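The lines below spell out each chain.
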Amino acid sequence: MITPVKEILKMASDANTSVIAFNCVDYNQIYSVIHAAEKVNKPVLCMLYPEHAELNNWCTPESFAAAVQSVAAEVKTPVGLHLDHCQDFNYIIRAIRAGFSCVMYDGSMLPLEENIANTKRVADVAHAFGVAVEAELGHVGFAATVTDQSNLDLYTQPDVAADFITRSTCDALAVAIGSAHGVYKQTPHLDINRLSEINAATDTPLVLHGGSGIPNDQLDQAFTHGINKFNVGTEFFQLYYDTLKDFGQKYGSEGNIFDFPSYCQPILMDYLVKKLELSKF
Ligand code: 13P
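So, here's what we can say about the structure. Please read all numbers here as calculations on a predicted model, not as lab measurements.

**With respect to the site of the ligand**
Part 1: Around the ligand, the surrounding shell holds 14 residues, and the nearest of these are Asp84, Gly182, Gly210, Ser212 and Thr234.
Part 2: Asp84 is positioned such that a nitrogen or oxygen atom in its side chain is 2.7 Å from an oxygen atom of the ligand.
Part 3: The separation between an oxygen atom of the ligand and a polar side-chain atom of Asn231 is 3.1 Å.
Part 4: In isolation the ligand has 300 Å² of accessible area, and contact with the protein removes 96% of it.

Encoded structure:
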């Protein structure tokens, strides 16, 4: 059942856990995410990352939203439609028109005041349409650059977070506490003390990015110390690609592309179910 992301975040906050948000690019991934969530009876979010979508012509915000909405209508579990990292105001408006109920404006590379001002500008418009806004304070970098996950200058400062939320009017805040996007070269060590301090200073759902490859015991801790939305992309895409390679190797020139969805979806769903079980709804 399509459900506003803000409602799902409230459910996560009330249950002191996190909803899992998966980056997807196509119907196979969207279908697998939503049906895996239905299987374990947990809310879930499907996220579109504009760079994935448009640069390689996978989908548009409109086609992505239509796919999520139609598959979500097949199930009872709450499904949220979220726009991931975006700096382009026009693209954000386009996503709002397409039906996304939460949009991320990512000003984390900008000076603080500019990040606040731009987030507020997006929030003013989004809120007028009943759409929630995720912002980022501090900067979650790339795992390929090891220092991105260890450089304390990039981490979210607890004493700035409350003021940032008040002035930007964001509805969810992505925090930098030691995670990074992509494949980790070194096991991340989340700064749970810092997370607790941010959580104590705010009462807005907090978001953890760079979810691929973080050990489950650290996730359990993060989910009980304020993280209410957990983003996963890289490992889901890697599994999808590996599944495609295995299918090609197994069936070779006898293979038929029409058999691929029923080959890959159960494999994707096995992975997704395990991930979703980290959510303690
Ligand atoms: P990973 O690709 O590292 O799992 O991160 C996903 C993410 O944070 C998307 O916003």
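**Some words on the pairing of strand 4 (residues 102–105)**
Regular strands have side chains that alternate between both faces of the sheet.
Part 1: Of the two faces of strand 4, the one carrying Cys102 and Met104 and the one carrying Val103 and Tyr105 are both buried.
Part 2: Pairing geometry for strand 3 (residues 79–86) and strand 4, over three bridges, is parallel. Bridge pairing in strand 4 links Cys86 to Tyr105.
Part 3: Assessed by its sense of winding, the connection that carries the chain from strand 3 through helix 5 (residues 89–98) to strand 4 is right-handed.

**Digging into unusual backbone geometry**
Part 1: Backbone geometry at Asn16 places phi at a positive 50°, although glycine is not the residue there.
Part 2: One can find Asn16 in the loop between helix 1 (5–14) and strand 1 (19–23).
Part 3: We note that Asn41 has phi near 60°; this positive angle belongs to a residue other than glycine.

**Details of the sheet that holds strand 4**
Part 1: Reading around the circumference, 1-2-3-4-5-6-7-8 is the order of the eight strands in this closed barrel, with parallel pairing throughout. Taking the axes of each pair of neighbouring strands and ignoring which way they run, one obtains an average angle of 30° across the sheet.
Part 2: Note: strand 1 against strand 2 (residues 44–48), four bridges, orientation parallel. Bridging across to strand 2, Asn23 finds its partner in Met47.
Part 3: Contacting strand 1, strand 2 and strand 8 (227–232), helix 12 (residues 260–276) crosses the sheet at an angle of about 145° to strand 1.

**As for the packing of helix 4 (residues 61–72) against helix 5**
Part 1: As a packed pair, helix 4 and helix 5 sit with axes 9 Å apart at the nearest point and diverge in direction by 30°. In terms of their interaxial angle, helix 4 and helix 5 are classed as roughly parallel. Where helix 4 crosses over helix 5, the handedness of that crossing is right-handed. Here helix 4 contributes Pro61, Glu62, Ala65 and Gln69 to the contact with helix 5, which in turn contributes Tyr91, Arg94, Ala95 and Ala98.
Part 2: Across the contact of helix 4 with helix 5, the residue classes break down as five nonpolar, one polar and two charged.

**Notes on the nonpolar core**
Part 1: Core analysis: the biggest nonpolar cluster contains 77 residues, and Phe22, Phe64, Phe100, Val103 and Leu173 have the highest contact counts within it.
Part 2: Broken down by element, the residue count for this core peaks at nine residues, all from helix 12.
Part 3: In this structure Phe64 touches Cys24, Ile30, Cys46, Met47, Leu48, Cys59, Leu81 and Phe100, once residues within four positions along its chain are discounted.
Part 4: Membership of the second largest hydrophobic core comes to 13 residues, among which are Ile8, Ala21, Met104 and Ala174.

**Looking at the pattern of salt bridges**
Should the charged atoms of two oppositely charged side chains come close, the side chains can pair.
Part 1: Counted by the stated rule, this structure contains ten salt bridges.
Part 2: Among the salt bridges present, the one from Lys229 reaches Glu134, with a minimum N-O distance of 2.8 Å. Here Glu134 lies in strand 5 (residues 132–137) and Lys229 lies in strand 8, a separation of 95 residues in the sequence. Residue Lys229 shares its accessibility class with Glu134, and that shared class is buried.
Part 3: Of the charged contacts, one joins Arg194 and Asp191 as a salt bridge, the two residues approaching to 3.1 Å between their closest N and O atoms.
Part 4: What makes Asp191 partly exposed here is its relative accessible area of 22%.
Part 5: Sharing partners across several salt bridges, the network here consists of Glu113, Asp163 and Arg167.

Calculation notes
Residues numbered from 1 in each chain as written. Predicted model: local features only at pLDDT ≥ 70, side-chain atom pairs only at ≥ 80, totals over all residues. Heavy atoms only, no water. Near = heavy atom within 4 Å. Polar contact = N/O pair within 3.5 Å; in protein donor to acceptor, adjacent residues only side chain to side chain. Areas by Shrake-Rupley, 256 points an atom, 1.4 Å probe, with all protein chains shown as cover. Buried < 20%, exposed > 50% of the residue type's maximum accessible area, 1.4 Å probe, protein only. Helix = DSSP H or I, 4+ residues; strand = E, 2+ residues; numbered from the N terminus. Pairing = 2+ DSSP bridges. Right-handed = clockwise from strand over helix to strand, strands pointing away. Axes fitted to C-alpha atoms, helices over the stretch in contact; angles between N-to-C directions. Contact = heavy atoms within 4.5 Å. Parallel < 35°, antiparallel > 145°, perpendicular 65-115°, else oblique. Left-handed = near helix turned anticlockwise from the far one by under 90°. Nonpolar A, V, L, I, M, F, W, Y, C, P; charged D, E, K, R; others polar. Core = buried A, V, L, I, M, F, W, Y, C linked by side-chain atoms within 4.5 Å. Salt bridge = Lys/Arg side-chain N within 4 Å of Asp/Glu carboxyl O.

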